[in-house]
Amino acid sequence: MKSSVIKTLFFALSTFIGFNAFSHQNDEQAHHHHSSEQLMVHSATVRAFLPAAPSTAGYLVIDNLTQHDKILVKASLEGVKRVEIHEHIHKEDMMTMQRVDELTIPAGKSVVFQPGGYHLMVFEPLKTLKVGDKHKLTLYFADGDRVYTMADIVALADMFGGKAKSDTPHHTHH
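Keep in mind that this is a model prediction, so the values were computed, not measured.

**Considering the overall build of the chain**
Argument step 1. Scanning the chain from terminus to terminus reveals two helices and eleven strands.
Argument step 2. Along its sequence from the N terminus, the chain presents helices and strands in the succession α-β-β-β-β-β-β-β-β-β-β-α-β.
Argument step 3. Within the chain, the fraction of its 174 residues that count as buried is 36%.
Argument step 4. Sequence separation of at least 24 residues holds for 66% of the intrachain contacts in the chain that already meet a minimum separation of 6.
Argument step 5. By element, 58% of the accessible surface of the chain is carried by carbon and sulfur atoms, the whole surface being about 10800 Å².

**Let's talk about the pattern of salt bridges**
Argument step 1. Evaluated as defined, the whole model comprises eight salt bridges.
Argument step 2. The partner of Arg 99 in a salt bridge is Glu 84, with the nearest N and O atoms 3.4 Å apart. Remark: Glu 84 occurs in strand β4 (residues 80-91) and Arg 99 occurs in strand β5 (residues 94-99); sequence separation between them is 15 residues.
Argument step 3. Under the relative-accessibility criterion, Glu 84 is labelled buried at 10%.

**Concerning the nonpolar core**
One recurring pattern in soluble globular proteins: nonpolar side chains tend to sit buried together.
Argument step 1. Formed by 28 residues in total, the largest nonpolar core has its most connected members in Leu 60, Ile 62, Leu 77, Phe 113 and Leu 139.
Argument step 2. Sort the elements by how many residues they give to this core and strand β1 (residues 39-47) lands first, with four residues.
Argument step 3. Residue contacts for Ile 62: discarding those within four places in its chain leaves Leu 39, Met 40, Val 41, Leu 72, Ile 105, Lys 109, Ser 110, Val 111, Phe 113 and Leu 139.

**Structural notes on the packing of aromatic side chains**
Argument step 1. On inspection of all chains with the given rule, the structure shows one aromatic pair.
Argument step 2. Centre to centre, the rings of Phe 113 and Tyr 118 are 6.2 Å apart; their planes meet at 45°, and the pair counts as tilted.
Argument step 3. Residue Phe 113 is classed as buried on the basis of its relative accessible area of 3%.
Argument step 4. Seen from the ring of Tyr 148, Lys 136 lies directly overhead, with NZ or CZ sitting 4.5 Å from the centre.

Conventions and cut-offs
- Residues numbered from 1 in each chain as written.
- Predicted model: local features only at pLDDT ≥ 70, side-chain atom pairs only at ≥ 80, totals over all residues.
- Heavy atoms only, no water.
- Helix = DSSP H or I, 4+ residues; strand = E, 2+ residues; numbered from the N terminus.
- Buried < 20%, exposed > 50% of the residue type's maximum accessible area, 1.4 Å probe, protein only.
- Contact = heavy atoms within 4.5 Å.
- Areas by Shrake-Rupley, 256 points an atom, 1.4 Å probe, with all protein chains shown as cover.
- Salt bridge = Lys/Arg side-chain N within 4 Å of Asp/Glu carboxyl O.
- Core = buried A, V, L, I, M, F, W, Y, C linked by side-chain atoms within 4.5 Å.
- Phe/Tyr/Trp six-rings, centres within 6.5 Å; stacked < 30°, edge-to-face > 60°.
- Lys NZ or Arg CZ within 6 Å of the ring centre and 35° of its normal.

This is the structure:
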C-alpha cells in the first residue's frame, strides 16, 4: 500500500512540475514574442467638448522602449463613438490638419502628441466628458498589441497650463 501511495504522489508531483515548467516556458516565449510591455503611454489628456462642438482633441506621449518600430493604427476612448489620429502640417504658409492611418513609433524613441503636431481627434460623445473624470484610452498597433491608459478629461485652459496631466502607468492587453 505504501508503494502505491508513493507512486501516486511521485506521479502527481512530476506531472505538476512538468506542467509548471511547460507553462513558464510558454510565458517566457509569450513575453519575448509580444513586446507591448515595453511600450509606455503617459500624460494622456482629452479636452472636454466645448458647447455645440462636434469634436475635441487628445494628447499623450508614447515611449517605445522596444528594439523594433511599432506602428500605431487606431485609438479608442471610452465614452465616445470615434477617435482618429491626426497631424498638423504646414502647406503654403498655412497650417492644416490631416488624418493619419498609420504612425510609426521608432524603436527606442518617443512620440509626443501635442498641439501643433500629432494629436487625437475625438468625435461624438456618448455621454458628457466632465472635467476631472478619467476615461480608458486604448491604442492599437499593427502587430496586434494593445496598450491602454486612463486619460484625464481637462478644460481647454488646463491643457496649456499643465495642471491636469496624468502620469498614470500604462496597462497592457494582448
